[in-house]
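Per-entry structural report
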Amino acid sequence: MDSEKRISPAVINRLPRYYRYLGDLLESDITRISSKELSAKMNITASQIRQDLNNFGGFGQQGYGYNVEYLHNEIKKILGLDRLYNMIVVGGGNIGQALVNYTNFEKRGFVIKAVFDINPRIIGMTIRGVEVHDVDKMEEYIKNNSIDVAILTLPRSKAVKVANDLAKWGVKGMWNFSHVDLQVPEDVLVENVHLTDSLMTLLYKINEMYSEESELHHLANGLPIKPIVDLED
């Protein structure tokens, strides 16, 4: 791939989907696939798939399609999944604990090394073998350990200061669940996750598709009401 060529965010956002679908194909012992067949599985046009992959060299062969294992491994390298990434979780509440308990991270090379919190009731406990530390120990921990990514699952009121501190201590990547957009130095990358955004998108689509039925769920003073029905009709 030409190092000077900029890849569009849309293409980058599709790469994990390619990687996931190709992994599923490998588990099903499928060794090769055409762009048309992959298109049917992913609901992306075959031409879009070819355009996306051509950004990185193509990988396909005329009349053969794609070697699934080879393409899976190449996308793994493109995504940087051929190495381990050390991560910490800042905020040991429900979301933080759920992420620590998600075993699929290790399969992708994401290793959660520690959790940090201010709650004395959970400091010192372990979550699936990962210890919860006092947040006051975080600077020292980061300086003594190579941390690639900090996962922020703390209240939004605390997130801005914590993010600035993490950037100052050398953390270059933040996965932010804190419902606030962070302002960090340009050499620090932030991926914001607003859990309700995708839910609101889903609800918009539901209301658009079933507009008449959605009237049954209108709100009055925060409570659902049914529309008034004219009994004379």
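Residues numbered from 1 in each chain as written. Predicted model: local features only at pLDDT ≥ 70, side-chain atom pairs only at ≥ 80, totals over all residues. Heavy atoms only, no water.

Per an unreviewed UniProt entry, the protein goes by the name Redox-sensing transcriptional repressor Rex and belongs to Anaerotignum propionicum DSM 1682. The UniProt entry for the protein carries the following comment under Subcellular location (unreviewed entry): "Cytoplasm". Regarding the protein, the UniProt comment filed under Function (unreviewed entry) reads as follows: "Modulates transcription in response to changes in cellular NADH/NAD(+) redox state." (UniProt positions renumbered as here; feature names shortened; annotations may be inferred.)

1. A word on helix H3 (residues 46-54)
All of the buried residues in H3 are Ala46, Ile49, Asp52 and Leu53. Down the axis, H3 shows its buried residues gathered within 125° of arc, on one side only. Here the buried face of H3 lies against helix H1 (9-27), helix H2 (35-42), strand S2 (66-67) and helix H4 (68-78). (Buried < 20%, exposed > 50% of the residue type's maximum accessible area, 1.4 Å probe, protein only. Helix = DSSP H or I, 4+ residues; strand = E, 2+ residues; numbered from the N terminus. Arc of directions from axis to C-beta. Contact = heavy atoms within 4.5 Å.)

2. Describing the packing of aromatic side chains
If you walk through the whole model with that rule in mind, you get seven aromatic pairs. Pairing Phe105 with Phe110 gives two aromatic rings, centres 6.2 Å apart and planes at 65°, and the pair type is edge-to-face. Among the residues examined, Phe105 registers a relative accessible area of 8% and is labelled buried. Relative accessible area serves as the criterion here: at 23%, Phe110 is assigned to the partly exposed category. Measuring from centroid to centroid gives 5.5 Å for Phe116 and Tyr141, while their planes differ by 70°, and the two rings are edge-to-face. (Phe/Tyr/Trp six-rings, centres within 6.5 Å; stacked < 30°, edge-to-face > 60°.)

3. Some details on the UniProt feature "DNA-binding region" (unreviewed entry) in the protein
In this structure's numbering, the residues bearing the UniProt feature "DNA-binding region" (unreviewed entry) are residues 17-56. End C-alpha to end C-alpha, residues 17-56 measures 16 Å, and it is 70% helix and 5% strand.

4. Looking at the pairing of strand S3 (residues 85-90)
Side-chain positions along a regular strand alternate between the two faces of the sheet. Burial analysis of S3 places five of its six residues in the buried class, which makes it a mostly covered element. As judged from the four bridges shared by S3 and strand S7 (residues 149-152), these two strands associate in the parallel manner. Looking at S7, one finds that Val90 is bridged to Leu152. (Pairing = 2+ DSSP bridges.)

5. Quick word on the UniProt feature "binding site: NAD(+)" (unreviewed entry) in the protein
Within this numbering scheme, the UniProt entry marks Gly91, Gly92, Gly93, Asn94, Ile95 and Gly96 as carrying the feature "binding site: NAD(+)" (unreviewed entry). As for its placement among the helices and strands, Asn94 is situated in helix H5 (residues 94-100). Look at Asn94 and you get exposed, because its relative accessible area is 71%. Within the fold, Ile95 resides in helix H5. Ile95 gets classed as partly exposed once you look at its relative accessible area, which sits at 34%. When residues no more than four places from it in sequence are discounted, the contact partners of Ile95 are Thr153, Phe177 and Leu195.

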